[in-house]
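Below are the chains, spelled out letter by letter.
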Amino acid sequence: MATPRIMLLGAPGAGKGTQSANLADHYGIDHITTGDALRANKDMETEYGTPREFMEAGELVPDPVVNEIVEAAIDEADGFVLDGYPRNRSQAEYLESITDLDAVLYLEVSDEELIHRIAGRRLDPETNDVYHVEYNPPEDPAVEDRLVQRDDDTEEMAQERIGVFKESTLPVVEHFDATGDLVRIDGEQSPAAVWSDVRAAVDAAIDA
Ligand code: AP5
């Protein structure tokens with residue numbers, strides 16, 4: 001199968017964005033990321049308010065807003081990797097009603113490491129490339145000078161987001177564990193080692 005449909009689950013900072021970029025590149029599939037889509041439309045007026053109000057509190061944006069974004073993206077995609085969706089059981093049920101999946105992966109990382117990764121993450125506003133002050137600093141000083149930090153990447157906000165993950169998204173992990181579809185990946189390894197395990201898991205799933 002050339003264009004797999006992949007769901008990548010993981011807590012904030014687990015490496016979903018990093019590994020989704022690898023998956024999109026390697027399999028030639030769309031990277032569907034609700035976080036980026038919402039950041040690009042932070043001030044969009046909806047009947048629930050703007051996405052910004054929820055994101056700046058570390059809370060989930062209301063399901064109907066997010067479901068609509070994902071359904072439109074899936075309609076246009078051949079294969080895809082879902083990054084940051086679904087985040088609760090209701091979104092998971094919605095997703096299962098609109099598409100099938102070939103692989104469901106879960107990146108496991110300890111809370112301590114998550115906080116360290118989130119607090120050290122920096123973004124290049126010109127290219128959208130993601131860096132880390134310690135693990136993956138840019139080589140070019142001009143790039144280093146223009147790096148910015150996401151509004152919700154403070155240590156306090158990271159704690160809040162991890163709490164929301166445990167309450168709302170872990171039940172999704174447990175659901176796909178119970179159906180036997182979930183593959184757990186050790187997300188605390190180096191990015192290259194995580195990628196090797198991710199790719200092996202997807203290849204095994206699509207060969208099955
Ligand atoms: P979103 O943008 O999805 O954020 P998140 O899930 O909190 O995930 P992150 O982007 O923080 O982390 P990541 O797992 O992608 O890690 P990364 O690869 O960057 O969501 C933001 C907000 O939008 C939510 O709080 C919510 O309000 C809203 N939202 C989004 N989706 C929603 C939905 N479905 N429903 C409702 N609301 C929604 O890596 C992190 C850092 O670690 C980087 O610096 C990276 O360089 C480094 N790194 C990565 N891998 C490794 C490694 N193996 N070793 C060392 N460093 C590593």
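The structure under discussion appears in the preceding block.
Every chain is numbered independently, its residues counted from 1 as its sequence is written. Only residues with pLDDT of at least 70 are given local features in this predicted model, and only at 80 or more are side-chain atom pairs given and counted; all residues enter the totals for whole chains, interfaces and linings. With hydrogens and water stripped out, all remaining heavy atoms of the structure feed into the side-chain values.

**Student:** Please provide a residue-by-residue account of the overall build of the chain, values included.
**Tutor:** Helix and strand assignments come from DSSP, with helices taken as H or I runs of at least 4 residues and strands as E runs of at least 2, each series counted from the N terminus. Helix and strand counts for the chain stand at nine helices and seven strands. Reported as C-alpha extents along the three principal axes, the dimensions of the chain are approximately 45 × 45 × 30 Å. A buried classification covers 46% of the 208 residues belonging to the chain. Two residues qualify as a contact provided that any one of their heavy atoms is within 4.5 Å of a heavy atom in the partner residue. Considering only intrachain contacts with a sequence separation of at least 6, the fraction spanning at least 24 residues in the chain is 67%. Partly exposed describes any residue whose relative accessible area lies between the buried limit of under 20% and the exposed limit of over 50%, with all areas from a 1.4 Å probe on protein chains only and scaled to the type maximum.

**Student:** Talk me through the sheet that holds strand β3 (residues 80-83); I want residue IDs and the actual numbers.
**Tutor:** Reading across the sheet, the five strands line up as β2-β3-β1-β4-β7 and stay open at both edges, with parallel pairing between neighbours. Strands at the two margins of the open sheet, each flanked by one partner only, are β2 (30-33) and β7 (182-186). Ignoring which end each strand starts from, the neighbouring axes of this sheet average 25° apart. Inspection of the sheet shows strand β4 (residues 103-108) paired to β7 by five bridges, in the parallel sense. Across the sheet, E108 pairs through a bridge with D186, a residue of β7. Contacting β1 (5-10), β2, β3 and β4, helix α1 (residues 16-27) crosses the sheet at an angle of about 165° to β1. By definition, two strands form a pair when at least two bridges between them are found by DSSP. In this description, a line fitted to the C-alpha atoms serves as the axis of each element, helices being fitted only across the stretch in contact, and the angle between N-to-C directions of two axes falls anywhere from 0 to 180 degrees.

**Student:** Which residues make up a negative patch on the surface, and what values do they have?
**Tutor:** Residues enter a patch when their relative accessible area is above 30% and they make no salt bridge; the linking distance is 9 Å between like charges and 5 Å between nonpolar side chains (Val, Leu, Ile, Met, Phe, Trp, Tyr). Accessible areas in this description were obtained via Shrake-Rupley with a 1.4 Å probe; residue shielding takes into account the shown protein chains only. Each salt bridge in this description consists of a side-chain nitrogen of Lys or Arg and a carboxyl oxygen of Asp or Glu lying within 4 Å of one another. This count recognises Lys and Arg as positive and Asp and Glu as negative, with His and chain-terminal groups excluded. For the purpose of locating charges, the reference atoms are NZ of Lys, CZ of Arg, CG of Asp and CD of Glu. On the surface, D30, D75, E76 and D78 cluster together to form a negatively charged patch. Within the secondary structure, D30 sits in strand β2.

**Student:** Tell me about the pairing of β3, and please be specific about residues and values.
**Tutor:** For a regular strand, the rule is simple: side chains alternate between the two faces of the sheet. Of the two faces of β3, the one holding F80 and L82 and the one holding V81 and D83 are both buried throughout. Across four bridges, the pairing between β2 and β3 is parallel. Its bridge partner lying in β3, I32 is registered against L82.

**Student:** Got a sec to walk through the side chain of D124? Specific residues and values, please.
**Tutor:** Mapped onto the fold, D124 is located in the loop between β5 (121-123) and β6 (130-132). Its relative accessible area of 1% is what places D124 among the buried residues. Polar contacts, as counted here, are pairs of nitrogen or oxygen atoms within 3.5 Å of one another; within protein the pair requires one atom able to donate a hydrogen and one able to accept it, and residues that are adjacent in sequence qualify only if both atoms are side-chain atoms. Among the polar contacts made by the side chain of D124, one reaches the main-chain amide nitrogen of E126 at a distance of 2.9 Å. Reaching out from D124, the side chain makes a polar contact with the side chain of T127 at a distance of 3.1 Å. Once residues within four sequence positions are removed from consideration, D124 is found in contact with D129, Y131, V143, R146 and L147.

**Student:** Could you give an account of the site of the ligand, with specific residues and numbers?
**Tutor:** Taken together, the neighbourhood of the ligand is formed by 35 residues, with T18, E59, R87, R121 and R161 sitting nearest. Separating an oxygen atom of the ligand from a backbone N or O atom of G13 is a distance of 2.9 Å. The separation between an oxygen atom of the ligand and a polar main-chain atom of E59 is 2.6 Å. Contact with the protein chains hides 95% of the accessible area of the ligand, taken as 1,000 Å² for the molecule alone. Among the elements of the structure, α1, α2 (34-40), β6 and α9 (191-207) are those that each provide at least two residues to the shell around the ligand. For the shell around the ligand, the leading source of residues is α2, giving four residues. A breakdown of the residues in the shell around the ligand according to their chemical character gives 14 nonpolar, twelve polar and nine charged. If a single non-hydrogen atom of a residue is within 4 Å of a molecule or strand, that residue counts as near it. In this classification, Asp, Glu, Lys and Arg are treated as charged, Ala, Val, Leu, Ile, Met, Phe, Trp, Tyr, Cys and Pro as nonpolar, and every other residue, Gly included, as polar.

**Student:** Break down unusual backbone geometry for me, citing the residues and quoting the values.
**Tutor:** The step from Y85 to P86 runs through a cis peptide bond, and the omega angle for that step is 0°. With respect to the helices and strands, the residue P86 is situated in the loop between β3 and α5 (89-98). Phi angles above zero are rare outside glycine, and N128 is one such case at about 65°. Structurally, N128 is set in the loop between β5 and β6.

**Student:** So what about the packing of α1 against α9? Which residues, and what values?
**Tutor:** The angle between the axes and the distance between the axes are what describe a pair of packed helices. Running from N to C, α1 and α9 cross one another at 50°; their axes reach a closest spacing of 10 Å. Put simply, α1 runs oblique to α9. Handedness of the α1/α9 crossing: right-handed. Note on element contacts: α9 touches α1 through P191, V194, W195, V198, R199, V202, D203 and I206, opposite Q19, N22, L23, H26 and Y27. Along the lines of polarity and charge, the residues of the contact of α1 with α9 split into eight nonpolar, three polar and two charged. In this scheme, roughly parallel covers angles under 35 degrees and roughly antiparallel covers those over 145, while 65 to 115 is roughly perpendicular and the rest are oblique. Left-handed describes a crossing in which the near helix is turned anticlockwise from the far one by less than a right angle; the clockwise case is right-handed.

Function cannot be read off these values alone, since they describe shape.
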